[in-house]
2 protein chains.
Amino acid sequence: MTERLIVIGGDAGGMTAASQARRLRTPDDLAIVAFERGHFTSYSSCGIPYFVGDVVDDLDTLIVRTPEDFARHGIDARIRHEVVEIDLDATKVRVRDLESGTEAWEGYDQLLVATGAVPARPPLPGIDSANVFGVQTLDDGVRIKNAIEETRPRRAVVVGGGYIGLEMAEALVVNGIDVSLVEAAPQPMTTLDPEMGAIVADAMRDMGIHVFVEEPVEGFETSGDKATAVVTKNERLEADVVVLGLGARPNSRLAADAGLEVGERTRGVVVDQRMQTPVEGVWAAGDVTEKLHRVSHEKVSIALGTHANKEGRTAGINIGGGYETFPGVVGTAVSKVCDLEIARTGLAEAEAARAGFEFVTATVDSTTRAGYFPGTAHIKTKFVAERASGRLLGAQIVGREGAAKRIDVCATALWCEVTVDEMLNVDLSYAPPFSPLWDPVLVAARKTWQAVQG
Amino acid sequence: MTERLIVIGGDAGGMTAASQARRLRTPDDLAIVAFERGHFTSYSSCGIPYFVGDVVDDLDTLIVRTPEDFARHGIDARIRHEVVEIDLDATKVRVRDLESGTEAWEGYDQLLVATGAVPARPPLPGIDSANVFGVQTLDDGVRIKNAIEETRPRRAVVVGGGYIGLEMAEALVVNGIDVSLVEAAPQPMTTLDPEMGAIVADAMRDMGIHVFVEEPVEGFETSGDKATAVVTKNERLEADVVVLGLGARPNSRLAADAGLEVGERTRGVVVDQRMQTPVEGVWAAGDVTEKLHRVSHEKVSIALGTHANKEGRTAGINIGGGYETFPGVVGTAVSKVCDLEIARTGLAEAEAARAGFEFVTATVDSTTRAGYFPGTAHIKTKFVAERASGRLLGAQIVGREGAAKRIDVCATALWCEVTVDEMLNVDLSYAPPFSPLWDPVLVAARKTWQAVQG
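Residues numbered from 1 in each chain as written. Chains lettered and ligands numbered in written order. Predicted model: local features only at pLDDT ≥ 70, side-chain atom pairs only at ≥ 80, totals over all residues. Heavy atoms only, no water.

1. Some thoughts on the overall build of chain A
As a reminder of what qualifies: For helices the rule is a DSSP run of H or I covering at least 4 residues; for strands it is a run of E covering at least 2, with both sets numbered from the N terminus onward. To get the radius of gyration, use the C-alpha atoms; to get the globule rule, take the number of residues to the power 0.38 and multiply by 2.2 Å. For each residue, the accessible area found with a 1.4 Å probe, counting protein chains only, is set against the maximum for its type, and the residue is called buried under 20%, exposed over 50%, and partly exposed in between. Using a 1.4 Å probe, the Shrake-Rupley method yields the accessible areas, and only the shown protein chains count as cover for residues.
Assigned secondary structure in chain A consists of 12 helices and 25 strands. Compactness check: chain A gives a C-alpha radius of gyration of 23 Å against a globular reference of 22 Å for 454 residues, within 12% of the reference. With respect to the three principal axes, the spread of C-alpha positions in chain A is 65 × 55 × 40 Å. Counting all 454 residues of chain A, 61% fall into the buried class. Counting every atom, chain A has about 16900 Å² of accessible surface; 47% of that belongs to carbon and sulfur.

2. Focus on helix α10 (residues 407-415) of chain B
Burial runs high along α10(B): nine of the nine residues are buried. Within α10(B) the residues assigned to the buried category are I407(B), D408(B), V409(B), C410(B), A411(B), T412(B), A413(B), L414(B) and W415(B).

3. Regarding the relation of the copies chain B and chain A
For the pair of chain copies, the relating operation is a rotation around an axis with a shift along it. The test is simple: Least-squares superposition of the copies uses the C-alpha atoms of those residues scoring a pLDDT of at least 70 in each of them. A contact between two residues is defined here by any heavy atoms of the two lying within 4.5 Å.
Mapping chain B onto chain A calls for a rotation angle of 180 degrees and an axial translation of 0.0 Å; the resulting RMSD is 0.0 Å. In short, the pair behaves as if placed about a two-fold rotation axis. Looking at the rotation axis and the C-alpha trace of chain B, the residue lying nearest is V409(B), at 2.5 Å. The share of interface residues of chain B whose copies in chain A are also at the interface is 100%, consistent with both copies meeting through the same surface.

4. Things to note about the sheet that holds strand β4 (residues 81-87) of chain B
Residue and element names in this part refer to chain B. Put simply, the rule reads: Strands are treated as partners if at least two bridges between them are detected by DSSP. Axis lines are fitted through C-alpha atoms, for helices just across the contact stretch, and the angle between N-to-C directions can take any value from 0 to 180 degrees.
Spatial ordering of the open sheet is given by β4-β5-β6, a layout of three strands whose pairing is antiparallel. With one partner strand each, in any of the chains shown, β4 and β6 (103-107) form the two edges of the open sheet. Strand-to-strand twist in this sheet, taken as the mean axis angle between neighbours without regard to direction, amounts to 30 degrees. Where β4 lies against strand β5 (residues 92-97), six bridges are found, and the strand directions are antiparallel. Its bridge partner lying in β5, D87 is registered against K92.

5. Details of the pattern of salt bridges
Selection rule: What makes a salt bridge here is a side-chain nitrogen of Lys or Arg within 4 Å of a carboxyl oxygen of Asp or Glu, nothing more.
Summed over all chains, the structure comprises 59 salt bridges over all chains. Salt-bridge contacts for E103(A) lead to R96(A); the nearest nitrogen and oxygen are separated by 2.6 Å. Measuring nitrogen to oxygen at the nearest pair gives 2.8 Å for the salt bridge that ties E99(B) to R80(B). Taken together, the residues E99(B) in the loop between β5 and β6 and R80(B) in the loop between β3 (75-79) and β4 connect sequence positions 19 residues apart. Overall, E99(B) belongs to the exposed group, its relative accessible area being 57%. Using a relative accessible area of 21% as the deciding quantity, one classes R80(B) as partly exposed. When salt bridges that share partners are traced, they join R155(A), E221(A), R236(A), E238(A) and D240(A) into one network.

6. Quick look at the interface of chain B and chain A
Selection criterion: Note: buried area is the sum, over both parts, of the accessible area (probe 1.4 Å) each one loses when the two are combined. Here the nonpolar group is Ala, Val, Leu, Ile, Met, Phe, Trp, Tyr, Cys and Pro; Asp, Glu, Lys and Arg are the charged ones; every other residue, Gly included, is treated as polar.
If you look at the interface, chain B gives 60 residues, while chain A gives 60 residues. Taken over both partners, the interface formed by chain B and chain A buries close to 5200 Å², and the fraction arising from carbon and sulfur atoms is 67%. On the chain B side of the contact with chain A, Y372(B), D427(B) and F434(B) bury the most area, a combined 15% of that side's loss. The interface formed by chain B and chain A holds two salt bridges in total. With a shortest N-O distance of 2.6 Å, D439(B) and K405(A) are connected by a salt bridge. Put simply, the parts of the chain that give the side of chain B that touches chain A at least two residues each are α8 (305-319), β21 (333-337), α10 and α12 (440-453) of chain B. For the side of chain B that touches chain A, the per-class residue count stands at 32 nonpolar, 15 polar and 13 charged.

7. Description of the pairing of strand β7 (residues 110-113) of chain A
Two faces belong to every sheet, and in a regular strand the side chains alternate between them. All names here are of chain A. Neither face of β7 is left uncovered, since the one carrying Q110 and L112 and the one carrying L111 and V113 both have all their residues buried. Two strands pair when backbone bridges link them, and strand β1 (residues 3-8) and β7 are joined in this way by four bridges, in the parallel orientation. Note that in β7 the partner of V7 across the bridge is L112.

8. Quick word on the packing of helix α1 (residues 12-24) of chain A against helix α8 (residues 305-319) of chain A
Residue and element names in this part refer to chain A. The condition that has to hold: Geometric relationships in this document are graded by angle, where less than 35 degrees denotes roughly parallel, more than 145 denotes roughly antiparallel, 65 to 115 denotes roughly perpendicular, and other angles denote oblique. Crossing chirality is assigned from the near helix's rotation relative to the far helix, an anticlockwise turn below a right angle marking it left-handed and a clockwise turn marking it right-handed.
For the pair α1 and α8, the least separation of the axes is 7 Å and the interaxial angle reads 30 degrees. Classified by the angle between their axes, α1 and α8 sit roughly parallel to one another. In this structure, α1 meets α8 at a crossing whose hand is right-handed. Together, A12, G13, T16, A17, Q20, A21 and L24 of α1 and G305, A308, N309, G312, R313, A315, G316, I317 and I319 of α8 make up the contact between the two elements. For the contact of α1 with α8, the per-class residue count stands at eight nonpolar, seven polar and one charged.

9. Considerations on the packing of aromatic side chains
Spelled out, the test is: Each Phe, Tyr or Trp ring (for Trp, its six-membered ring) is paired with any other whose centre lies within 6.5 Å, and the angle between the two planes then decides the class: stacked below 30 degrees, edge-to-face above 60, tilted in between. Any Lys NZ or Arg CZ found within 6 Å of a ring centre and within 35 degrees of that ring's normal is scored as a charge over the ring.
Enumeration according to the criterion identifies two aromatic pairs over all chains in this entry. Taking 4.9 Å as the distance between ring centres and 85 degrees as the angle between the ring planes, the aromatic pair formed by Y50(A) and F373(B) counts as edge-to-face. With Y50(A) in helix α2 (residues 48-52) and F373(B) in the loop between β23 (359-367) and β24 (378-386), this pair bridges two chains. Each of the two residues, Y50(A) as well as F373(B), counts as buried. In this structure, R294(B) is placed above the aromatic ring of W415(B), and the distance from its NZ or CZ to the ring centre is 3.9 Å.

10. Digging into the confidence of the model for chain A
Detailed conclusions should not be drawn from predicted coordinates in areas where pLDDT is low. Stated precisely, the cut-off is as follows: Known as pLDDT, the predictor's confidence for each residue is given on a scale from 0 to 100.
Of all residues in chain A, 100% attain a pLDDT of 70 or more, and the chain-wide mean is 97. Predicted as a complex, the structure gets a pTM of 0.96 and an ipTM equal to 0.95.

11. A word on the side chain of R25(B)
Its place among the elements puts R25(B) in the loop between α1 (12-24) and β2 (30-36). Look past the residues within four positions of R25(B) in its chain and what remains in contact with it is E3(B), L30(B), Q110(B), I319(B) and G320(B).

12. What about the sheet that holds β3(B)?
Within a sheet, adjacent strands bond to each other through the backbone by hydrogen bonds, running parallel or antiparallel. All names here are of chain B. On the basis of which strands lie adjacent, the open sheet formed by five strands has the order β3-β2-β1-β7-β18 and parallel pairing. The sheet terminates laterally at β3 and β18 (282-284), the two strands that pair on one side only. When the angles between neighbouring strand axes are averaged without regard to direction, this sheet yields 15 degrees. In the packing of α1 onto the sheet, contacts are made with β1 (3-8), β2, β3 and β7 (110-113), and the angle to β2 comes to roughly 165 degrees.

As structure tokens, then:
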């Protein structure tokens, strides 16, 4: 008898799982249907700011696989179909065809919830105006790009200085738009420690972006269905377009309404090591789930394509009859604004304190290549390590070309739970075009070890 | 009473140790004298090809610290002074002043042998001609650069296709010289597996370098004190200048003559974890020592500034009364030829076989950034892993801009002795300007794990 897998959500988590399960089970053995409420399947949502900023011209290049591609692999991916209800007892879902408005119940043997994340949208007056955009799906990207092309905005305000806020601010400013960024915290990039975030703020100001910090948004002035200004604690910033960069939260309402367990604090769907929910045959993967942070030991919700793909692969292998577990995350992230590269992994100071660690820190200014080599650039590296053991807890890097990807060494070190003492002699590569003789990561490890020793 | 430390060799290993010891002990407590037979102290020998190739104009930028700098820190560094004999029983060294030709015995309480490496120079007819250059010290670099400027050679032959050979070939070709590179093996870069080395050969040919493989050098035709042609098995290549790139071997003759233990196979001075030789108070650091390869468990001789600095730091801390050990190496190296980046760590196939491992391999073609992102470039990544356990044994990367430094993740993974299974979900950074969604390293881990599973 053919089993039926229904996948809710047609992007990274869902379609990676579908493809993986298909590799392990034939269509005769497992039918796979995926419902996606948007217009696109399997796309790079991380590419949206670059699409809006015209770094990437062609929308199609952001799409990894279309429904036609999936059909060729025996996966029935239906766009513009929204699952509006899950009935766990009856093992069926209610699906709305967003084009026709009709609804139908579809039965499943296995169900994968991969509904992703939604941009945080606090209940502020005017926030639902037509020109206030969240950035999560490719449909969001298309809407923003169309709005820019059609309305030719002169002024934009980006609300929130996280990755999306930064990248969108750059995308808008390169479109010739006058951009302000407002952030409630004392600096943008609150996933960095304040002094590292301050460097980001400076770089944005150098690009001509007006950066307002400690300015929580209180509401929006509107005219008709449009916002006309963003009102913060002390400012009133006129805006023709507003972009929300306040982070994303798991899009878990559907799952929660069905009775699936959702983390109290994370709002992410609870899964086991194999990405199965407490209900057998019901799985979840991607931004909608909560994940283990391997350093803090807390459950976290982090919306990132890498995690979504890895979780999707894990779910797909298990649905396909194989065995795979997802080991969690260490909070790695990388971004750039103009030519400033920004990367972090593990715990920043505030996070380490919240997790109960006693820690030391060290910060190192160095260069990306040998100091004498053409193209050498500044790189600032900060480590956080447990005071008692010397174990690395987190790393942050801010610098110019060639700086950021060094964070991967730190992420690997966190993964392996090594001490900064063990790190400081690691045999990292050196040649003048690639690194100073002591790679900045090694210098940071050495300085942090000195701090550990007191 | 003031102790006296004598350091033999004024570059990375020796002077790092001297500086480190000085930080821990005052000149009243420990006098430090360093003897260097060349004209320079503490320089970047890895920068020599870039100095010859005019990428770096100014010789001074390659010098980290001059004798005057050391004097200010209470270290007496004497250039053009060669230690020609060590008397371990009498705890003194015989020093020749190379300017005056006079000699004197100098007593020590602690001795550090940091005599570095010398370019391999097989006993072939004509190899000692005046225009056949090794590349090891900054004096070598100056000699080559002067020879190029004075004799304006039209044709150069580089003998040996290792890092130095590659980098020197590029340096010469950018000087407008017609360059041939001859290599005894089937491809240059024998530290890579053959199919990876073949890519390097292609890149060199694209630069206009004539690459001759499987052509061991048999001798040199000479006229007066100059070589005029390089004779290989099947070729006769006319040459106005010849550069040796046949690797380097520990410059351990002085130590061996004194009775210090030297590895049978490595010819490197034998040291313990703290860089002390079996003779108490006699230390060694840098290219002259043999090192533990943490993957093969063999002793190896690898001449690299990074190791020399780390060993020098270790020796200096211990001489200074502290405690530090040097944990060994995993064989990481990086280079570039034109815009081709080349990196490796751990064991290549032949090395893994020689060490007794049963292994599998996997090779992955990917991109350095998201496939759609401007500036994305090809990267080929190869992994070698133990068949039974899945433990990573080695990695090789060949690719364009942004490729090579990824080797550091593999070096860190080797350091921590993890399996490719443990690696494939590591939380590496992702954003479209920096990586495809699955970093090539993760894809290589995944494919290698599949190979392990058979």
